[in-house]
Amino acid sequence: MNKFTLSLTLISLFVLQACTSSNHPTETSRLGKPSTQAAMEALIDQPGTISVETVAAANWSVPLSGLVNLDSPAARQAQLKDKDEAIQIFTYVIKHPQFGYFLIDTGISAQLLEDPAKFGFNWMLRKGMQLEKMQVKTSTSTILAKLPQKVSGVFLTHLHLDHISGLPDIPTSVPVFTGAGESKETYWLNMVVRPATDHLLANRAPLQEWAFDRIDSATTNRPVIDIFGDGSVFAIAVPGHTKGSTAYLVRSTQGPVLIVGDTSHTLWGWEHGVEPGDYTRDHASNLSSLQALKGLVARHPTIAVRLGHQH
């Protein structure tokens, strides 16, 4: 290999590694205020004021090796083998008595599945996602049409396409909230994914990033945001699956609900404390976040857990 070819190769590798999840602008959210895990836990078991509706937006199937770390000791002991695993895509409709309706994750737009290329999903991306195996159950447009008023915001667990594919049905004036640094995470695969991500975010205001404090690696406590300032809904930093992965604790009228996002995709992964597989960037951080959430539920067993793709 001559010097020119070597230099070109190194430049190409640098460009691939430096590709961020999105080019969409970001700014620090003005909604929410930093709180503490202790303050959140002091309120968890008290009756709440928020209504929560869990909506199964679509059926899907993807490789188990992406959903569960098959190299983990528990997966090896269980002799799990790679196969297509049946999962679902969820969105959550929450109603705050003062601030109105919000979505946690976006569900699926039927118009996107009808013509994915129109929304930036190229052939390679459609095949990689097994998009042909995704079947809409309840589209985001159907969900929004049933609400008595316009949705006021979207809280994302993370920026992966299966969690933002309802955006075509959501007015561009609706603010979208993410974990800190979520859109700036670098990975070579973003070269394939980012065009679709940016297409779905086009013409929207900057992503609103939760102003989490830094994670203290010496403790199991997680940075927390009190979203409405009244202790009704909390955002919890759970990096690992992605840099800005966020879980949400909702003090609902039916009891506390923990929406973990893809910190754990599957029932088996949650029950056995095994983090996701190929779909996760940082396995050690993901496992730490999973253990933190499982510890939270162990201390407050009335919490209803909503996993990323299986209930």
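To keep things clear, this report deals only with the structure shown in the data block.

## Some thoughts on the nonpolar core
No. 1: One finds Phe121, Leu161, Ile170 and Leu200 to be the most contacted residues of the largest nonpolar core, which totals 41 residues.
No. 2: Among the secondary structure elements, those contributing two or more residues to this core are strand E3 (51–63), helix H3 (64–67), strand E4 (84–96), strand E5 (100–104), helix H6 (123–129), helix H7 (140–146), helix H8 (161–164) and helix H9 (190–201).
No. 3: Once residues within four sequence positions are removed from consideration, Leu200 is found in contact with Leu112, Phe119, Phe121, Leu161, Ile164, Ser165, Leu167 and Pro168.

## Examining helix H11 (residues 283–299)
No. 1: Over its 17 residues, H11 extends 24 Å from the first C-alpha to the last, a length consistent with the 24 Å expected when each residue adds 1.5 Å.
No. 2: Every buried residue of H11 is listed here: Asn286, Ser289, Leu290, Ala292, Leu293, Leu296 and Val297. Summarising the axial view, the buried residues of H11 lie within an arc of 160°, below the 170-degree limit, and thus occupy one face. Facing away from the buried side of H11, by more than 90 degrees, are the exposed residues Ala284 and Ala298.
No. 3: Looking at the packing, one finds that the buried side of H11 touches helix H2 (37–43), strand E11 (233–237), strand E12 (246–252), strand E13 (255–261), helix H10 (267–272) and strand E14 (304–307).

## Re the sheet that holds strand E8 (residues 176–178)
No. 1: Taken together, 8 strands build an open sheet; the order of strands is E1-E9-E8-E7-E5-E4-E3-E6 and the sheet is mixed. Either end of the sheet is taken by a strand with one partner, and the two such strands are strand E1 (26–28) and strand E6 (135–136).
No. 2: The pairing of strand E7 (residues 153–155) with E8 spans 2 bridges and is classified as parallel. Paired with Phe155 across the two strands is Phe177, which belongs to E8.

## Looking at the pairing of E3
Look at any regular strand and the pattern is simple: side chains alternate between the two faces of the sheet.
No. 1: Sheet analysis places E3 next to E4, joined by 12 bridges and oriented antiparallel. Pairing of Val62 across the sheet is with Glu85, part of E4.
No. 2: In terms of strand pairing, E3 meets E6 through 2 bridges, oriented antiparallel. Looking at E6, one finds that Ala58 is bridged to Val136.

## Considerations on the side chain of Thr280
No. 1: Structurally, the position occupied by Thr280 is in the loop between H10 and H11.
No. 2: At 2.8 Å, the side chain of Thr280 and the side chain of His241 are in polar contact.
No. 3: A polar side-chain atom of Thr280 sits 2.7 Å from a polar atom in the side chain of Asn286.
No. 4: If near-sequence neighbours (up to four positions away) are discounted, Thr280 is found in contact with Gly240, His241 and Asn286.

Definitions and cut-offs
- Per-chain numbering applies: the sequence of each chain, read as written, is numbered from 1 onward.
- In keeping with the model being predicted, local features are shown solely for residues with a pLDDT of at least 70 and side-chain atom pairs are shown and tallied solely at 80 or more, while totals for entire chains, interfaces and linings include all residues.
- Hydrogens and water molecules were not included; the side-chain quantities draw on all heavy atoms of the structure.
- In plain words, nonpolar cores are sets of buried Ala, Val, Leu, Ile, Met, Phe, Trp, Tyr and Cys residues tied together by side-chain atoms within 4.5 Å.
- Summary of the burial criterion: residues with accessible area below 20% of their type's maximum are buried, those above 50% are exposed, and those between are partly exposed, where the area comes from a 1.4 Å probe applied to protein chains only.
- Helix numbering and strand numbering both begin at the N terminus, where a helix is a DSSP run of H or I of at least 4 residues and a strand a DSSP run of E of at least 2.
- Only heavy atoms matter for contacts: two residues are in contact if any of them lie within 4.5 Å across the pair.
- For a helix, the expected span equals 1.5 Å multiplied by the number of residues minus one.
- When we speak of the arc, we mean the arc of directions from the helix axis to the C-beta atoms.
- Should DSSP find at least two bridges between two strands, the strands are taken to pair.
- Polar contact is the term for a pair of N or O atoms within 3.5 Å; when the atoms are in protein, one must be able to donate a hydrogen and the other to accept it, and sequence-neighboring residues count only if both atoms are side-chain atoms.

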